[in-house]
Amino acid sequence: MKKNKGQAIVEYILLIVMIAVTVAVSIRNINLQIYNLWTGLARQVAKPCASCDTPPAPSFKK
């Protein structure tokens, strides 16, 4: 018969790691969307004149 001692600890650690990775990815994506929203609003408000074109948004893509 096989002993399963310690299996619950391993499963708990794997669950915590999966949750941590999911939260980290979610926070990164949400922060990028919020940054883009506020940057776009700031560029619209800070336009030099009403008929001037807005400068392009910064890109974080590599």
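Just above, that's the structure.
First, a word on scope: everything that follows refers to the structure included in this document. Please read these numbers as outputs of a predicted model, since none were measured by experiment.

Reading the values: rules and limits
Residues numbered from 1 in each chain as written. Predicted model: local features only at pLDDT ≥ 70, side-chain atom pairs only at ≥ 80, totals over all residues. Heavy atoms only, no water. Helix = DSSP H or I, 4+ residues; strand = E, 2+ residues; numbered from the N terminus. Buried < 20%, exposed > 50% of the residue type's maximum accessible area, 1.4 Å probe, protein only. Areas by Shrake-Rupley, 256 points an atom, 1.4 Å probe, with all protein chains shown as cover. Patch = residues over 30% accessible without salt bridge, like charges linked within 9 Å, V, L, I, M, F, W, Y side chains within 5 Å. Salt bridge = Lys/Arg side-chain N within 4 Å of Asp/Glu carboxyl O. Polar contact = N/O pair within 3.5 Å; in protein donor to acceptor, adjacent residues only side chain to side chain.

### Some points on the overall build of the chain
- For the chain, the count of helices and strands is one helix and zero strands.
- A total of 62 residues make up the chain; the buried ones form 3% of that total.
- With an accessible surface of roughly 6000 Å², the chain has 68% of that area assigned to carbon and sulfur atoms.

### Focus: a nonpolar patch on the surface
- On the surface, Ile9, Tyr12, Ile13, Ile16, Val17, Val21 and Val25 cluster together into a nonpolar patch covering about 670 Å² of accessible area.
- Within the secondary structure, isoleucine 16 sits in helix α1 (residues 7-45).

### A word on the side chain of threonine 39
- By the secondary structure assignment, threonine 39 is in helix α1.
- Since its relative accessible area comes to 16%, threonine 39 is described here as buried.
- A polar contact is formed between the side chain of threonine 39 and the backbone oxygen of tyrosine 35, at a distance of 2.7 Å.

### Describing the environment of serine 26
- Relative to the elements of secondary structure, serine 26 occurs in helix α1.
- A polar side-chain atom of serine 26 sits 2.9 Å from the main-chain carbonyl oxygen of threonine 22.

As far as function goes, none of this settles anything; it's purely spatial.
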